[in-house]
Amino acid sequence: MTTADSTDQIPEFSITRTLDAPRDLVWRAWTDESELAQWLGPFGVTTDSVAFDVRAGGRYRYTMTNDETGEQFPTGGEFLEVLPQDRLVFTWGEPDTPVESAPVITLTFSPQGEQTELVLHLRGIAGHPGDGFVHDGWDEALTNLDRHLRGELPG
């Protein structure tokens, strides 16, 4: 499920997924460097050089590499809020983008029995299904997360 805000305010969008895994495993997939390297990124991209200091004020950085062209995309930001297994808020963009001007991602983890509802909300960039860019990249990354949690990706 995707929602987008098309008003004149700050651009934003959300993607909601129900994952067939308990909340603690979904949280770990988002906060453990070795797990992140296995799934983080859209289709056709490899993620390496993952460094996550998951605490308010902590920094993170990773590099995505296009498997076909070799083009690299350094990405990073700062954790603004860390509420274990409930909420993770961080800036997102180029690694040295100032906090005050960077887009912000809020992840909300809600238990649904043995499943987890994950809401990814990105504020600061417009996105919509079929944009071939940010929305679609995050949508594909969440598909990879689901595949990772199901044990379908090579580890």
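See above for the structure.
A brief structural summary. (Residues numbered from 1 in each chain as written. Predicted model: local features only at pLDDT ≥ 70, side-chain atom pairs only at ≥ 80, totals over all residues. Heavy atoms only, no water.)

**What to know about the overall build of the chain**
Secondary structure assignment for the chain yields three helices and eight strands. Going residue by residue from the N terminus, the α and β elements of the chain occur as β-β-α-α-β-β-β-β-β-β-α. In terms of overall dimensions, the chain is globule-like: its C-alpha atoms have a radius of gyration of 15 Å, near the 15 Å expected for 155 residues. Its C-alpha atoms put the chain at 40 × 35 × 35 Å along the principal axes. Burial statistics for the chain: of 155 residues in total, 39% are counted as buried. In the chain, of all internal contacts separated by at least 6 residues, the share reaching a separation of at least 24 is 44%. Carbon and sulfur atoms make up 48% of the accessible area of the chain, which amounts to about 8,000 Å² in all. Across the chain, the mean location of the 10 positive side-chain charges is 5 Å away from that of the 27 negative side-chain charges. (Helix = DSSP H or I, 4+ residues; strand = E, 2+ residues; numbered from the N terminus. Rg over C-alpha atoms; globule rule 2.2 N^0.38 Å. Buried < 20%, exposed > 50% of the residue type's maximum accessible area, 1.4 Å probe, protein only. Contact = heavy atoms within 4.5 Å. Areas by Shrake-Rupley, 256 points an atom, 1.4 Å probe, with all protein chains shown as cover. Lys, Arg positive; Asp, Glu negative; His and termini not counted. Charge placed at Lys NZ, Arg CZ, Asp CG, Glu CD.)

**Some details on the pairing of strand E8 (residues 115-123)**
Taking every second residue as pointing to the same face, the buried face of E8 carries Thr116, Leu118, Leu120 and Leu122, while none of Gln115, Glu117, Val119, His121 and Arg123 on the other face is buried. Examined bridge by bridge, strand E2 (residues 12-19) and E8 share eight bridges and lie antiparallel to one another. Note on E8: the bridge partner recorded for Ser14 is His121. The pairing of strand E7 (residues 104-112) with E8 spans nine bridges and is classified as antiparallel. (Pairing = 2+ DSSP bridges.)

**Section: the packing of aromatic side chains**
Given two aromatic rings, their pairing is described by the distance between the two centres and the angle made by the two planes. What the rule picks out here adds up to eleven aromatic pairs. Among the aromatic residues, those joined into a cluster by ring pairs are Phe52, Tyr60, Tyr62, Phe79 and Phe90. (Phe/Tyr/Trp six-rings, centres within 6.5 Å; stacked < 30°, edge-to-face > 60°.)

**A short note on the pattern of salt bridges**
Should their charged atoms come close, side chains of opposite charge can pair. Within the structure shown, the criterion is met by eight salt bridges. Where Arg123 meets Glu12, a salt bridge forms, and the shortest distance between an N and an O atom there is 3.8 Å. With Arg123 in strand E8 and Glu12 in strand E2, the pair connects residues that are 111 residues apart, well separated along the chain. (Salt bridge = Lys/Arg side-chain N within 4 Å of Asp/Glu carboxyl O.)

**Side note on the nonpolar core**
It is characteristic of soluble globular proteins that their nonpolar side chains tend to be buried jointly. By size, the foremost hydrophobic cluster in this structure holds 33 residues, and its most contacted members are Trp30, Trp39, Leu107 and Trp138. Per-element accounting of this core gives the leading share, five residues, to helix H3 (residues 134-149). Other than its neighbours up to four places away in sequence, Trp39 contacts Ala29, Trp30, Ala141, Asn144, Leu145, His148 and Leu153. (Core = buried A, V, L, I, M, F, W, Y, C linked by side-chain atoms within 4.5 Å.)

**Observations concerning the pairing of strand E3 (residues 45-52)**
Looking along a regular strand, one sees side chains alternate from face to face of the sheet. By the bridge criterion, six bridges tie E3 to strand E4 (residues 59-66) in an arrangement that is antiparallel. Looking at E4, one finds that Thr46 is bridged to Thr65. Where E3 folds back onto E4 in an antiparallel hairpin, the turn is made up of six residues, including Gly57, whose phi is positive at roughly 90 degrees.

**Points about H3**
Along an α-helix, residues three or four apart share an orientation, since each turn contains 3.6 residues. Between its first and last C-alpha, H3 extends 22 Å over 16 residues, near the 22 Å set by a 1.5 Å rise per residue. Listed in full, the buried residues belonging to H3 are Val134, His135, Asp136, Gly137, Trp138, Ala141, Leu142, Asn144, Leu145, Asp146 and His148. At the C-terminal side of H3, Gly151 shows a positive phi close to 75 degrees. (Expected span 1.5 Å × (residues − 1).)

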